[in-house]
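Residues per chain are reported as follows:
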Amino acid sequence: MVRRNEIREGEIAVTPPQATDAGLVFIGRIHTPWTDRMLTPRQGRHDGPICRIEIFEPWVAALKGLDQYPDVEVIYWLHQSRRDLVLQSPASDKNLHGTFSLRSPVRPNPLGTSVAKLIGIDGAFVMVRGLDCLDGTPLVDLKPDRCHFTPIAPPQPGDFETGT
Ligand code: SAM
């Protein structure tokens, strides 16, 4: 799945529509040991190296309370990815797959997510294990892992009907 920016046999690239401005702001930067995509793990491991997530002002105050959770969902922008492939041929498997059936970094909006182990918070820095991104990757969001939350209301009739 790791690639520089080449197109492999059978892959299909499209011309993406013009980007809309969703008003996205990067709230920090992720410091990791990896400077080469080819050497970055494909998925993070909870026994992997400690990575430092730097939070920019004015968002540092928003870390209050995060330290009570053992696992944190990290959402980041895979900024070196190409964004135009609809069919991809991962290096590990020569078959063609639709982009949305893969966790490849190559996607129209190259968001990466990892559930990381929270090691500690020191001022504007959040230390975690379990990331798989390049040093300097922009941070989009942090959330406590969803497993630590239960639905507010019990299931209601109709909750499980298919949407139209
Ligand atoms: N864990 C995330 C997910 O599942 O959404 C990302 C998985 S993706 C397969 C991880 C790969 O993305 C790494 O092995 C590396 O090749 C690539 N990658 C990491 N950081 C990147 C960046 N900032 N820009 C582009 N590609 C990156």
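This text follows the structure it describes.
Reference entry: report on the structure contained in this document. By convention here, each chain's residues receive numbers from 1 onward along its written sequence. Since the coordinates come from a predicted model, pLDDT governs what is reported: local features require at least 70, and pairs of side-chain atoms require 80 or more to be given and counted, while whole-chain, interface and lining totals use all residues. Note: side-chain values were computed over all heavy atoms of the structure, leaving out hydrogens and water.

All right, on to the site of the ligand then. Neighbouring residues are identified by heavy atoms, a residue being near a molecule or strand if any of them is within 4 Å of it. Close to the ligand lie 20 residues, the nearest being Pro41, Gln43, Arg103, Asp132 and Thr137. Counted as a polar contact is a pair of N or O atoms within 3.5 Å, where, for protein atoms, one must be capable of donating a hydrogen and the other of accepting one, and residues adjacent in sequence contribute only when both atoms are in side chains. At 3.0 Å, a backbone N or O of Leu134 approaches a nitrogen atom of the ligand. Coverage of the ligand by the protein amounts to 97% of the 600 Å² it exposes when considered alone. Cavities and pockets were defined on a 1 Å grid built from protein atoms only: a cavity is a group of points that admits a 1.4 Å probe but offers it no way out, a pocket is an open group of points flanked by protein on both sides within 12 Å along at least five of seven lines, and a lining residue is one with an atom within 4 Å of any such point. In this scheme, a molecule is assigned to a cavity or pocket if more than half of its atoms are within 2 Å of the grid points. In this structure the site holding the ligand corresponds to the largest pocket. By the criteria applied, helices consist of DSSP H or I runs no shorter than four residues and strands consist of E runs no shorter than two, each listed in order from the N terminus. Looking at the shell around the ligand, the element that brings in the most residues is strand β7 (residues 111-122), giving three residues. Note on residue categories: nonpolar means Ala, Val, Leu, Ile, Met, Phe, Trp, Tyr, Cys or Pro, charged means Asp, Glu, Lys or Arg, and polar means any other residue, Gly included. Across the shell around the ligand, the residue classes break down as seven nonpolar, nine polar and four charged. Working definition of accessibility: Shrake-Rupley area with a 1.4 Å probe, residue cover restricted to the visible protein chains.

As for its position among the elements, Asp132 is in the loop between β8 (125-129) and β9 (137-144). Only protein chains enter the accessibility calculation, which uses a 1.4 Å probe; a residue whose area is less than 20% of its type maximum is buried, one above 50% is exposed, and one in between is partly exposed. In summary, the charge assignment counts Lys and Arg as positive and Asp and Glu as negative, without counting His or the chain termini. By salt bridge we mean one thing: a side-chain nitrogen of Lys or Arg within 4 Å of a carboxyl oxygen of Asp or Glu. The side chain of Asp132 sits in the buried core without any salt bridge; Arg103 is the nearest counter-charge, 7.2 Å away. A distance of 2.5 Å separates polar atoms of two side chains, one belonging to Asp132 and the other to Tyr76. Only heavy atoms matter for contacts: two residues are in contact if any of them lie within 4.5 Å across the pair. Aside from chain neighbours lying at most four places away, what touches Asp132 is Trp34, Thr40, Pro41, Arg42, Gln43, Gly44, Tyr76 and Ser114.

Note on aromatic contacts: the rings of Phe and Tyr and the six-membered ring of Trp form a pair at centre separations within 6.5 Å, being stacked when their planes are under 30 degrees apart, edge-to-face when over 60 apart, and tilted otherwise. According to the stated counting rule, one finds two aromatic pairs in the structure shown. When the ring of Phe26 is compared with that of Trp77, the centres are 6.3 Å apart and the planes differ by 45°; the resulting orientation is tilted. With Phe26 in the loop between β1 (12-13) and β2 (28-31) and Trp77 in strand β4 (residues 71-77), this pair connects stretches of sequence that are 51 residues apart. Each ring, one from Tyr69 and one from Phe149, has its centre 5.8 Å from the other, and the planes form 20°; the classification is stacked. Placement of Tyr69 in the loop between β3 (50-55) and β4 and of Phe149 in the segment after β9 is noted, with a sequence separation of 80 residues between them.

Pairing is antiparallel in the open sheet, where three strands are placed in the order β1-β5-β6. Taken across any chain shown, the strands that pair with only one partner, and hence form the sheet edges, are β1 and β6 (97-98). Only when DSSP finds a minimum of two bridges between them are two strands counted as paired. Both strand β5 (residues 85-88) and β6 contribute to a ladder of two bridges, which runs antiparallel. Bridged to Leu87 within β6 is Gly98.

Here we come to the layout of surface pockets. As a volume, the largest pocket reaches approximately 520 Å³. Leu78, Arg103, Ser104, Pro105 and Asp132 are, among the 26 residues lining the largest pocket, the residues nearest its centre. Looking at which element gives the most residues to the lining of the largest pocket, the answer is β7, with three residues. Each residue belonging to the lining of the largest pocket can be placed in one class, and the counts come to 11 nonpolar, nine polar and six charged. Taken as a whole, the second largest pocket spans an internal volume of roughly 360 Å³. In terms of lining residues, the second largest pocket is bounded by 14 residues, among which Ala19, Thr20, Arg83, Pro108 and Asn109 are the most central. A class-by-class count of the residues in the lining of the second largest pocket yields eight nonpolar, four polar and two charged. Grid points are joined across faces, edges and corners, and a volume is the space filled by probe spheres set on the points.

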